[in-house]
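Reading the structure
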Amino acid sequence: MADLKLTKIVKAYGDVEVLHGIDLDIKRGEFIVFVGPSGCGKSTLLRTIAGLERITGGTMEIDGRVVNDIPPSERGIAMVFQTYALYPHMTVYDNMAFGMRLAKKSKQEIDERVKSAASILQLEPYLNRLPKALSGGQRQRVAIGRAICRDPKVFLFDEPLSNLDAALRVATRIEIAKLNESMPDTTMIYVTHDQIEAMTLADRIVVLRDGYVEQVGPPMELYHRPANLFVAQFIGSPAMNIMESVVTAASSSEVAVDVEGGGKAVVPIAGAPSLKGHPVKLGVRPEDLRIAGEGEQTIVSGKLDIAEALGEVTLLYVNVEGHEEPILAKLSGYVDIERGSEIHLTADAGDLHLFDGDGQSMLVEAERKQAA
Amino acid sequence: MNPALQGLLTIIVGVGGCVGYFYFSNQLLDRVIFPARGPNAGVNINRANQVRPWLFLFPAIFALGLYLAYPVVETLRLSLTDRVAGGGYDWVGLANYTQMFNEPKFWEAMRNNMLWLIVVPAAATAFGLLAAQLTDRIAWGNVAKSLIFMPMAISFVGASVIWKLVYDSRPAGQDQIGVLNAVWMAFEPGLWSTIVLRILPALLIVGFAAAVAYGAWLLAKPIIERDDRGPGMLAAGLRGAVALLFVWLIWESVSTLPGLLTSELPYGEPQNWLTISFWNNFFLMVVLIWIQTGFAMVILSAALRGIPEETVEAAIIDGAGPFDLFFRIKVPQIMGTILVVWTTITILVLKIFDIVFAMTNGQWETQVLANYMYDKLFRANDWGVGSAGAMVIMLLVTPILVWNVYNARKEMR
Ligand SMILES: Nc1ncnc2c1ncn2[C@@H]1O[C@H](COP(=O)(O)OP(=O)(O)O)[C@@H](O)[C@H]1O
Ligand SMILES: [Mg+2]
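Rules used throughout
- Residues numbered from 1 in each chain as written.
- Chains lettered and ligands numbered in written order.
- Predicted model: local features only at pLDDT ≥ 70, side-chain atom pairs only at ≥ 80, totals over all residues.
- Heavy atoms only, no water.
- Domains from an automatic or database assignment.
- Contact = heavy atoms within 4.5 Å.
- Buried area = accessible area lost by both parts, 1.4 Å probe.
- Salt bridge = Lys/Arg side-chain N within 4 Å of Asp/Glu carboxyl O.
- Helix = DSSP H or I, 4+ residues; strand = E, 2+ residues; numbered from the N terminus.
- Nonpolar A, V, L, I, M, F, W, Y, C, P; charged D, E, K, R; others polar.
- Polar contact = N/O pair within 3.5 Å; in protein donor to acceptor, adjacent residues only side chain to side chain.
- 1 Å grid on protein atoms, 1.4 Å probe; cavity = no way out; pocket = protein on both sides within 12 Å on 5 of 7 lines; lining within 4 Å.
- Points joined across faces, edges and corners; volume = space filled by probe spheres on them.
- Phe/Tyr/Trp six-rings, centres within 6.5 Å; stacked < 30°, edge-to-face > 60°.
- Buried < 20%, exposed > 50% of the residue type's maximum accessible area, 1.4 Å probe, protein only.
- Lys NZ or Arg CZ within 6 Å of the ring centre and 35° of its normal.

**As for the domain arrangement of chain A**
Residue and element names in this part refer to chain A. Structurally, chain A comprises domain 1 (4-233) and domain 2 (234-371). Here the C-alpha centre of domain 2 lies 37 Å away from the C-alpha centre of domain 1. Between domain 1 and domain 2, the contact holds 19 residues from the first and 18 residues from the second. Roughly 1,700 Å² is buried in total at the junction of domain 1 and domain 2, and carbon and sulfur atoms are behind 60% of that figure. If you sort the residues of domain 1 by the area they bury against domain 2, Tyr-223, Leu-229 and Gln-233 come out on top, with a joint share of 36%. If you look at where domain 1 meets domain 2, you find 1 salt bridge. Sorting the residues of the side of domain 1 that touches domain 2 by element identifies helix 6 (195-201), helix 7 (219-224) and helix 8 (229-234) as the ones contributing at least two each. It is helix 8 that contributes the most residues to the side of domain 1 that touches domain 2, 5 residues altogether. Of the residues assigned to the side of domain 1 that touches domain 2, the class counts are 12 nonpolar, 6 polar and 1 charged.

**Topic: the interface of chain B and chain A**
If you look at the interface, chain B gives 16 residues, while chain A gives 25 residues. Regarding the contact of chain B and chain A, the summed buried area is about 1,700 Å², with carbon and sulfur atoms giving 64% of it. In this structure, the salt-bridge partner of Glu-313 of chain B is Arg-47 of chain A, at a minimum N-O distance of 2.6 Å. At the junction of chain B with chain A, the criterion picks out 6 residue pairs in polar contact (both at pLDDT 80 or more). Elements that contribute at least two residues to the side of chain B that touches chain A include exactly helix 12 (309-317) and helix 13 (322-333) of chain B. It is helix 12 of chain B that contributes the most residues to the side of chain B that touches chain A, 7 residues altogether. Partitioning the side of chain B that touches chain A into residue classes produces 7 nonpolar, 3 polar and 6 charged.

**Topic: empty space enclosed by the protein**
Using a probe with the size of a water molecule, rolled over the atoms, empty space left in the structure can be pinpointed. One pass over the structure, following the stated rule, counts 1 cavity of 30 Å³ or more. Taken as a whole, the largest cavity holds about 60 Å³ of empty space. Those elements that provide at least two residues to the lining of the largest cavity are strand 6 (77-80) and helix 4 (136-149) of chain A together with helix 12 of chain B.

**Considerations on the packing of aromatic side chains**
The final tally for this structure, using the stated rule, is 22 aromatic pairs over all chains. Taken together, a centroid distance of 6.0 Å and an interplanar angle of 35° make the contact between Phe-101 of chain B and Trp-107 of chain B tilted. Judged by its relative accessible area of 38%, Phe-101 of chain B is partly exposed. Taken together, Phe-31, Phe-155, Phe-157 and Tyr-190 of chain A form an aromatic cluster joined through their ring pairs. Lys-11 of chain A extends its terminal NZ or CZ atom over the ring of Tyr-13 of chain A, reaching a point 5.0 Å from the ring centre.

Structure, rendered in structure tokens:
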């Protein structure tokens, strides 16, 4: 039984539909990350799960119980907000105890739970302080502590790190990961627009765009087998290079393409439809590109526009004829190439991605068809 | 000349004079006194910038000094002197004050002022808060807000005229043009009037007493429990004092209950509401509450909107119902603003004059300090006692004013 089941969730504000029928099955104890560009509906989806927004259509089940009409406090959820949302007039202790006091828990139980949450989050010295006397990181920990005190089945985070500075963000991210490990039965749903947070924290990532789910899967699956152009370009930094290509030959196990700028590539895809003569898009990540050796087939070649040496890697921006933006290659170590010199790049066949005219990954489509 | 033209001219001259003062005095400072030229240019610029604030503040300081500080000193002097027949004056020390303290009318005014002080700010703030919360969430809230705010635009005297009509009475048998009497005449002995005139008010009083008791308990709790996170001695003493005041309020309100439930009511007789002593004070207070609720509502509604929506949502997730949300999340977050509104109205109430002057002129035991002062100064022509009254009002207002400014500045930070 899935702990959290979303079926055809639709959310509209007046005439404007912002979620268009979202289906999701989330298992107990999973760490799920919603990721997508700003305004794609991540927060809205999270808030419908919390019950802060009523859904316009579809059904939401938590532990097999339909919660469409259940108020937030009875859904067994807790939420950590981007702005912390601490009650400014209450001490840290009272902030954490507020929910339990409303639930008429005994003083002793409240005290135990607050103390234990405080010790997990190293908040004991601050229990009598008001939020305004805490640093940003401490406030965020109080917000997490308040959520822990609710002893929720589902933990919801809405961009919890975006108000912290870079160093704290990494530290708090690691703390959240540890928290997740220490609560194996608690489902966590985490919203972010930062793909590094998504990659490092998630058991499974849900990529959203304009109110649609683009792909759901473990981070490495999204990285190695993006289902479409959007996911391919959204996951991974710097973003995947996309090159216009034309299919020249297709067999039962391979597709051969001519790449703009004069290169060629052969992509292993079993059972792809024969799209001979059709335009397709070839995708290759900057870190998968390398300088072609003697006699190796070049995938893309052009003049070096600029090289940025960062120490552990060198970024090459290569101007390719007929391609507007430079192709980016990320080579390990320091590579000394003169500006303007001709460069030939290639990659392993297994690291190439082909997308059909609709932007769908031909590999993923073909596998889906075979499975069916 | 036509008075309208005269007014226009005054505005033009006034505004033009102000603009002219700032512009030309600034020019004078920068071009003539400390010119930013020559060998001393840098020093001159610094000097000019040090002088500039005082230059610009001068008109305001001068006007305040002339129209505010000087009259205070002069009033103090007058309160210590007596007019001598044939011109001149005598120093009489505190004689005017002793005379005043021996007059029952003065103590009546003090008592009434205290009543006003307790009832009007509390009622206006409470109604304003209620209106702010209720109108924020409904579609026609803005229309309702405008209606509630409108009395603010009416002068106190205008409002008094309106309410005098509400309280008006005609002999029995004639049509009552006063709304209150018209309603009153509709009552007859029976079940309904018992409910409306005895049980409902009794419930209101019990509710009020309960609310005050809750407040007193909240105030006294940290002292009783010896909460070590609690405030220091001074704050504890203050809390204790206010709590005792609350206990007194509870006693005062509950002790009216027997009378309310048993007294004979003069059904069918039109009442002269403004002559019913003690209660007529409340009929006057209603006017000011009616006016000030709009003010409280506008300020508090802005404060309510300033509350971060997330804290409310977090409380909803924590399981807070509408009452918990309002009293435990929203109200504490705008407590500073509530205090500012409360003290602002308190100051206004201490100075209350127009409404009493226009409606009863202090008769039937409705005297207040400002009207008492006016009586002495301009009708009895006793400048000594009149000025002493003015000093008492000032002494009462000052601490609240200081506190108000302190709170307002804290809010702005
Ligand atoms: N209360 C609202 N009324 C109308 N539109 C809204 C409301 N809240 C969000 N939206 C719209 O819904 C879309 C998704 O918003 P949101 O879920 O906040 O995006 P994000 O992915 O950045 O968290 C946006 O286009 C936003 O304009
Ligand atoms: Mg968002």
